[in-house]
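Residue-level structure breakdown
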Amino acid sequence: MRLSMIKINENFLDLQDNYLFSTIAKKVAKFQEEHPDKKVIKLGIGDVTLPLAKSCVDAMKKAAEELLYKESFRGYGPEQGYDFLKEKIIKYDYKSRGIDLDLDEIFISDGAKCDTGNIVDIFAKGNKVAITDPVYPVYLDTNTMSGRAGKYNESTGRYSNIIYMPCTSENNFEPQFPDEAPDIIYLCFPNNPTGTVCTKEQLAKWVKYAKDNKSIILYDCAYECFITEENIPHSIYEIEGAKDVAIEFKSYSKTAGFTGVRCGYVVVPKKVYGYTEKSEKVSINKLWNRRQCTKFNGVSYVTQRAAEAIYSEEGQKEIKENIKYYQENAKIIRNGLQESGFLVYGGVNAPYIWLKLPDGVKSWDFFDELLNNIGIVGTPGVGFGPCGEGYFRLTAFGSRENTEEAMKKIKEYFIRESKV
Ligand code: PLP
């Protein structure tokens, strides 16, 4: 018998169990069991609810049909994605905003969760990582898995090696430059969970900061399609010099209801460089390409044809109708909460509404109060990081009917109780 034994990646033991959504589910199930006659409205969901655009479904059917015949069958495709989709991305998502990109700077993927999670593969363990607080948890957990987070401190709710950039109403949800310059900076705008955005001027400061410090910005704009206001960048490459320092993550999940179909892409400009221990410059684009070719075999042909259909005239019309529906929900939620006396953030350029609770009210207490008194489910802000304490997230992805009913109940309850 050998004396050695299989060892695990112990970084995984440093992960904190994220009980957020399972705790919510348990509390909701208990409430429903105890009150089978009461309606529960879920406004905590981050998933879309409207069906896929017909143009996308038609394109999938046609692509599936092609696979039936020897002449048009497709096997393995390019790991980086088919040119027919990359060409559309370049033309409609970038060229139309004055941004030039080459085909080999785009990598089609099965969504932004995988891309934002997998990107850590190509960076050294010793890099210092900065994230906002609150944050989309994938950035933190994937860096913990790869050994970059350090030790978790129960009392602060923070890891020793991560640089946290608090985003609260006090700083208008604008991350500030940290005292210690990070190597990797995660920025997500429009933001999940706060629904807030940053202006071109604010983003330009980050691009300059990254250049000055030889850092890289990982820019997640999965919610870009919800932007309604002027002067809010739809891509970080609208900022001069960003092609030297930024990788951009995009997703069709919320843009076109692809949460289940799975497709997105990442832009890695060829001018973005990292460095070896000996300070030699290495192309990040080449590293990512190598990583993808080794670990990924591309997105299915059928899915990429569906994504291509988003850019057709009819496809654009259909997805914009859906986005408008969610935007209208967001407006209804914002107005309803404001009329109830709450301070409300987000919801103008994002499907997320972030409400500030009255002083001293904790996120989970507010969750219980909403559920137990009026049967409405949201997400406690503290689940996204310590600075989310005292906040609460509602989403615009519910049905119109439920959204209106929920706001009516909230207004009645809080105005009657004069609670805010
Ligand atoms: N990035 C952010 C900020 C998100 O909120 C989400 C999904 O909720 C994703 C990425 C994941 O998107 P995808 O469905 O493309 O994996």
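As the structure is a prediction and not an experimental result, all values here were calculated from the model. (Residues numbered from 1 in each chain as written. Predicted model: local features only at pLDDT ≥ 70, side-chain atom pairs only at ≥ 80, totals over all residues. Heavy atoms only, no water.)

Considering the overall build of the chain
Looking only at helices and strands, one finds 12 helices and 17 strands in the chain. The C-alpha atoms of the chain give 22 Å as radius of gyration, which agrees with the globular expectation for 420 residues (22 Å, within 12%). Counting only residues that meet the buried cut, the chain has 52% of its 420 residues in that class. Within the chain, contacts between residues at least 6 apart in sequence are counted, and of these 73% link residues at least 24 apart. Element-wise, carbon and sulfur atoms account for 51% of the exposed surface of the chain, whose accessible area totals about 20,100 Å². For the chain, the separation between the mean place of its 56 positive charges and that of its 59 negative charges on side chains is 2 Å. (Helix = DSSP H or I, 4+ residues; strand = E, 2+ residues; numbered from the N terminus. Rg over C-alpha atoms; globule rule 2.2 N^0.38 Å. Buried < 20%, exposed > 50% of the residue type's maximum accessible area, 1.4 Å probe, protein only. Contact = heavy atoms within 4.5 Å. Areas by Shrake-Rupley, 256 points an atom, 1.4 Å probe, with all protein chains shown as cover. Lys, Arg positive; Asp, Glu negative; His and termini not counted. Charge placed at Lys NZ, Arg CZ, Asp CG, Glu CD.)

Observations regarding the environment of Asn171
In this structure, Asn171 sits in the loop between β6 (162-166) and β7 (184-188). A polar side-chain atom of Asn171 sits 2.8 Å from the main-chain carbonyl oxygen of Pro166. (Polar contact = N/O pair within 3.5 Å; in protein donor to acceptor, adjacent residues only side chain to side chain.)

Concerning the site of the ligand
Around the ligand, a shell composed of 14 residues is seen, among which Asp220, Tyr223, Ser251, Ser253 and Arg262 lie nearest. The contact in question runs from an oxygen atom of the ligand to an N or O atom on the side chain of Arg262, over 2.7 Å. Its free accessible area being 400 Å², the ligand has 90% of it covered by the protein chains. Of all the secondary-structure elements, those providing two or more residues to the shell around the ligand are α4 (112-118) and α7 (253-256). Across the shell around the ligand, the residue classes tally to 6 nonpolar, 4 polar and 4 charged. (Near = heavy atom within 4 Å. Nonpolar A, V, L, I, M, F, W, Y, C, P; charged D, E, K, R; others polar.)

Here we look at the sheet that holds strand β9 (residues 246-251)
An order of β2-β10-β9-β8-β7-β3-β6 is seen for the 7 strands of this open sheet, with the pairing classed as mixed. Of all strands in the sheet, those bounded by a partner on one side alone are β2 (106-109) and β6. Averaged over all pairs of adjacent strands, the angle between their axes in this sheet comes to 20°, without regard to strand direction. Across 4 bridges, β2 lies against strand β10 (residues 264-267) in antiparallel orientation. If you follow Ile106 over to β10, its bridge partner there is Val267. (Pairing = 2+ DSSP bridges. Axes fitted to C-alpha atoms, helices over the stretch in contact; angles between N-to-C directions.)

Notes on the nonpolar core
If you look at the biggest cluster of nonpolar residues, it comprises 61 residues, and the most contacted ones within it are Ile217 and Tyr252. Viewed by domain, this core spans two of them, domain 1 (18-47 + 316-415) and domain 2 (56-311), each represented by three or more residues. Aside from chain neighbours lying at most four places away, what touches Tyr252 is Leu85, Ile89, Gly257, Phe258, Cys263, Gly264, Tyr265, Ala307, Ile310 and Tyr311. (Core = buried A, V, L, I, M, F, W, Y, C linked by side-chain atoms within 4.5 Å. Domains from an automatic or database assignment.)

Structural notes on the side chain of Arg393
On the secondary structure map, Arg393 appears in strand β17 (residues 391-395). The buried charged residue Arg393 lacks any salt bridge partner; its closest oppositely charged side chain belongs to Asp47, at an N-O distance of 11 Å. Within the local environment of Arg393, its side chain forms a polar contact with the backbone oxygen of Gly44, the two atoms lying 3.2 Å apart. Reaching out from Arg393, the side chain makes a polar contact with the side chain of Asn192 at a distance of 2.7 Å. (Salt bridge = Lys/Arg side-chain N within 4 Å of Asp/Glu carboxyl O.)

Details of unusual backbone geometry
Across the junction of Asp133 and Pro134, the peptide omega takes the value 5°, indicating a cis bond. Its location among the elements puts Pro134 in the loop between β3 (129-133) and α5 (138-145). Residue Pro193 follows Asn192 across a cis peptide bond; omega there is 15°. One can find Pro193 in the loop between β7 and α6 (200-212).

Some details on the domain arrangement of the chain
Splitting the chain by domain gives domain 1 (18-47 + 316-415) and domain 2 (56-311). Listed as interface residues are 26 residues of domain 1 and, on the opposing side, 32 residues of domain 2. When the buried surface of domain 1 facing domain 2 is broken down by residue, Asn349, Phe384 and Cys387 rank first, second and third, together holding 26% of it. Remark: the boundary between domain 1 and domain 2 carries 12 residue pairs in polar contact (both at pLDDT 80 or more). Residue assignment for the side of domain 1 that touches domain 2 shows that the elements contributing at least two residues are α10 (313-339), β13 (343-346), β14 (352-356) and β17. Considering each element in turn, the side of domain 1 that touches domain 2 owes the most residues, 5 residues, to α10. When the residues that make up the side of domain 1 that touches domain 2 are grouped by side-chain class, the tally is 14 nonpolar, 9 polar and 3 charged. (Buried area = accessible area lost by both parts, 1.4 Å probe.)

A short note on the packing of aromatic side chains
Inspection of every chain in the model, using the stated rule, returns 31 aromatic pairs. Judged by centre distance (4.7 Å) and plane angle (15°), the ring pair of Tyr139 and Tyr186 falls under stacked. One end of the pair, Tyr139, is in helix α5; the other, Tyr186, is in strand β7, and 47 residues separate them in sequence. This pair shows no difference in class: Tyr139 is buried, exactly as Tyr186 is. Here the aromatic rings of Tyr352 and Phe397 are separated by 6.2 Å at their centres, their planes lie at 85°, and the arrangement is edge-to-face. Pair noted here: Tyr352 is in strand β14 and Phe397 is in the loop between β17 and α12 (400-417), with a separation of 45 residues, a long-range link. Grouping residues by exposure puts Tyr352 and Phe397 together as buried. Chaining the aromatic ring pairs together yields one cluster made of Tyr92, Tyr94, Tyr237, Tyr252, Phe258, Tyr265 and Tyr311. Positioned over the ring face of Tyr273 is Lys281, at 4.5 Å from the centre of the ring. (Phe/Tyr/Trp six-rings, centres within 6.5 Å; stacked < 30°, edge-to-face > 60°. Lys NZ or Arg CZ within 6 Å of the ring centre and 35° of its normal.)

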